[in-house]
Amino acid sequence: MAATEARIGSVLAAALLLPGIAIQAHAESAPEQGTVEVQALDYRDWQPGLQRIRVKAPSVYVLAPIGSRWSVEGSVVSDSVSGASPRHHTAVSGASRLSERRNAADATVKHYGAHEGWSLGAASSNEHDYRSRTVSGTYRWSTDDNNRTWDVGLGRSDDMIGSSNDPTLHARRLTWQATAGITQALSAADLVQWSLGANIGHGEYSDPYKFPDLRPGHRSQFTSLLRWNHDLGPLDAVARLGWRYYGDTFGVRANTFDAAWVQSFGDRLQLTPSVRYTTQRAARFYVDPVYSTSLGEPFPPGYDGQHAVSEDQRMSAFGALSAGLRVDVKLDARWHLDASFERYEQRGSWRLGGDGSPGLAPFSARWFQVGVACSF
Amino acid sequence: MQFDRVDRHLRLRFEAMASRNEVLATCADEARARAALVAACDEVRRIEAKYSRYRPDSVVSRINAAAGSAERVEVDAETASLLDFSARLFELSGGLFDITTGPLRRAWDFRRAREPDDADLARVLPLIGWAQVDWDGHGVRLTRPGMELDFGGIGKEYAADRAHAVLAQAGIAHGLVNLAGDLRATGPSEAGRPWTIGIQHPRITDATCASVQLARGALATSGDYERYFVTPDGRRCCHILHPRSGRPVTHWQSISVIQPSCVAAGALATIAMLLGADALSFLRDQGAAFLAVDQSGCLHRHDIDLPTS
């Protein structure tokens, strides 16, 4: 055999040095087809001895291209929520039953340029005791070869909080949201994305359905998300890995690691198993289920009605694992079906290091979602 | 140059580089698709004009005309990249891929089906060898009179990659560049469907010997059927000539290679044809998907997607 150099891809590597040959990532381009998707979500969560919340949410999503540079997309969802409202600790007593309907809608206009694009969006959500309005804008731009894309976004939310337990409650919460991210194609098979987010808000954060629950009037939240998608061409699969860091001024710190395997079987079937692990530190004012000897349950020791305090399980220290499976079936060029199932389990002792909040019952949840989409 | 439609694609057919070519695009905005296809065709013609050895004003003709002189011919950045690439291919292929084999054409006359004897070849073989090219990254000098550079082995594939880049820059998500069988896909055919590409049957004109699926990347084929003649004693002489012996390759009828870029696919296919029996292990070592047809007409394939239906 001639003395050829057998390093994998050495000829390709040499070819990529030619001008204009580098494997180009695709700029996000305007969709050429419109899509209508109808989805139904069924969510349930529970703790030992108590079915908590059940949500049934049918939704409709529409995406319509307008010419070659614009698209409009929007969705409406109507949730019916039944069950117990979020409770403090895990005591069964005091869990008021609720039956609720939430109506939400959002719309986004996007413009696609050759190497840049922007979008403007608005979203609204209404329940009888909660109303939220958000406007947001994003701008992104890419290098000439589209191998690197930057994006920035800014949003503003105005929430109104009421309570069916307290008709006089009309509290407000205002939040600025900012994001910045960079996406880099490292090779034809590897895409890496890093996004930073900050939410700065003030207003009412206490949960009106919990007592005692008194939280600070300001909350700043920061997130860092690192994603890596790797295309395993010969296996017809894509591996996705992600790490998300979350911190806020309540003192909560959380790290989430997720992994998914997108496996295609021909052109029509795709299976995506995924796993996720979250480990969280408790908020500074979260109190364990140990009660004041003078006031008794549910008051924590030293309760004075002035200092921040919460017994909300979501503010506790815990570890959580979830596993899911998504199935995508392409019936033909127009019709697409998807179904996904995810199961979530949360335990105090699953926190990394094992020193999660004590005395909390296990928390479980599951999602089931089916959708049918049609392009036109 | 003419437009027509193939399925849902707008197609532009044109002649360039002495062959029939086509570029296809699907786009909701037809005016944009037309403009992109014309720009892709213009890019192919620009490269043809710049590197054709048949045009006296081309860069290649200028370099060849100065063969044997003491001065280096200064070249622009694009030409420098192509020369660097050629030098690297020479090195990676153990000297098999050589853009200085042009003088062999003076010994081989495919139109008159004349096979040179050893004496004919001995006259031109000393003029062949990249090692005799004085290339410093900016200027190039062919050290002996009569030496020639020929970008024929990579020019068409490079043009396919560049035409693809033009389509991609214009925002075409579903496009295909086909320069006489050297192809580069700009995304899938439509809605995630790969392009189905027929591989020319090496022995039957107007027939294909296989179809492959190409969702992205490039496909290039090197075959012994493009230009050849058969000697009175029945040996087939094709235009792919070994740079050291000056004789045609005989091991494979054709080799098709899939790579992310067409210029890499084309170079690998050519090197594989020249390697003979070692071709398939070389292609596997390079991580390339391929379809090879041996002299008995048997197919050898690796990592190639055949159509599902």
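Residues numbered from 1 in each chain as written. Chains lettered and ligands numbered in written order. Predicted model: local features only at pLDDT ≥ 70, side-chain atom pairs only at ≥ 80, totals over all residues.

1. Here we look at the overall build of chain B
Here's step 1: Within chain B, the regular secondary structure consists of eight helices and 16 strands.
Here's step 2: Out of the 309 residues in chain B, the part that is buried amounts to 47%.
Here's step 3: Long-range pairs, those at least 24 residues apart, make up 58% of the contacts in chain B between residues at least 6 apart in sequence. (Helix = DSSP H or I, 4+ residues; strand = E, 2+ residues; numbered from the N terminus. Buried ≥ 20, exposed ≤ 12 C-beta atoms within 10 Å, placed from the backbone. Contact = placed C-beta atoms within 7 Å.)

2. Brief notes about the overall build of chain A
Here's step 1: Of the regular secondary structure elements, chain A holds one helix and 16 strands.
Here's step 2: Per-residue burial for chain A yields a buried fraction of 16% across its 376 residues.
Here's step 3: The long-range fraction of contacts in chain A, counting pairs at least 24 apart against all pairs at least 6 apart in sequence, stands at 56%.

3. Some thoughts on the sheet that holds strand β6 (residues 139-142) of chain B
Residue and element names in this part refer to chain B.
Here's step 1: The antiparallel open sheet is built from three strands, whose spatial order is β4-β6-β5. Only two strands of the sheet have a single neighbouring strand rather than two, namely β4 (73-74) and β5 (133-135).
Here's step 2: In this structure, β4 lies alongside β6, joined through two bridges in antiparallel fashion. The residue of β6 that forms the bridge with glutamate 74 is glycine 139. (Pairing = 2+ DSSP bridges.)

4. As for the environment of valine 72 of chain A
Residue and element names in this part refer to chain A.
Here's step 1: Among the structural elements, valine 72 can be located in strand β3 (residues 70-84).
Here's step 2: In sequence terms valine 72 and glycine 34 are 38 residues apart; their C-alpha atoms lie 9.4 Å from each other.
Here's step 3: Apart from the residues lying within four places of it in its own chain, the contact partners of valine 72 are Ala64, Ile66, Ala107 and Val109.

5. Describing unusual backbone geometry
Here's step 1: Phi is positive for aspartate 236 of chain A, close to 60 degrees, though the residue is something other than glycine.
Here's step 2: Its location among the elements puts aspartate 236 of chain A in the loop between β10 (218-232) and β11 (237-248).
Here's step 3: Positive phi values are uncommon outside glycine, yet methionine 17 of chain B reaches one of about 50 degrees.
Here's step 4: Structurally, the position occupied by methionine 17 of chain B is in the loop between β2 (9-16) and β3 (19-26).

6. Examining the confidence of the model for chain B
Close inspection of predicted coordinates is inappropriate in any region flagged by low pLDDT.
Here's step 1: Overall, the predicted model of chain B reaches an average pLDDT of 89, with 98% of residues at or above 70.
Here's step 2: The complex prediction reports pTM at 0.59, with the ipTM value standing at 0.81. (pLDDT = per-residue confidence, 0-100.)

7. Some points on the sheet that holds strand β14 (residues 252-259) of chain B
All names here are of chain B.
Here's step 1: In spatial order, the strands read β1-β2-β3-β7-β8-β11-β14-β15-β16; together these nine strands make up an open sheet with antiparallel pairing. With partners counted over all chains shown, the strands left at the sheet margins are β1 (2-6) and β16 (299-302), one partner each. Adjacent strand axes in the sheet meet at a mean angle of 15 degrees when their direction is disregarded.
Here's step 2: Relative to β2, β1 is paired through five bridges, and the arrangement is antiparallel. Bridge assignment links phenylalanine 3 to a residue of β2, and that residue is leucine 12.
Here's step 3: Against the sheet, helix α1 (residues 30-51) contacts β1, β2, β3 and β7 (174-179), and its axis sits at roughly 20 degrees relative to β2.
Here's step 4: Relative to the sheet, helix α6 (residues 155-169) contacts β3, β7, β8 (182-186) and β11 (217-223), its axis offset from that of β8 by approximately 20 degrees. (Axes fitted to C-alpha atoms, helices over the stretch in contact; angles between N-to-C directions.)

8. Considerations on the pairing of β11 of chain A
All names here are of chain A.
Here's step 1: Bridge analysis of β10 against β11 gives 12 bridges, and the strand direction is antiparallel. From the neighbouring strand, leucine 225 faces β11, where its bridge partner is arginine 244.
Here's step 2: Hairpin connection from β10 to β11: four residues lie between these consecutive antiparallel strands, with aspartate 236 at a positive phi of about 60 degrees.
Here's step 3: Two strands pair when backbone bridges link them, and β11 and strand β12 (residues 253-265) are joined in this way by 11 bridges, in the antiparallel orientation. Each bridged residue has a counterpart across the sheet, and for arginine 244 the counterpart in β12 is threonine 256.

9. Considering the confidence of the model for chain A
Here's step 1: Averaged over all residues, the pLDDT of chain A is 84; the fraction at 70 or higher stands at 89%.
Here's step 2: In the model, residues 90-97 of chain A has pLDDT below 50 throughout and makes 13 contacts with residues more than four positions away in sequence or in other chains.

10. Describing the pairing of β16 of chain B
All names here are of chain B.
Here's step 1: Relative to β16, strand β15 (residues 289-294) runs antiparallel, the two being bridged by four bridges. The partner of leucine 291 across the bridge, within β16, is arginine 301.
Here's step 2: Hairpin remark: β15 followed by β16, antiparallel, with four residues in the connecting loop; positive phi at glycine 297, about 90 degrees.

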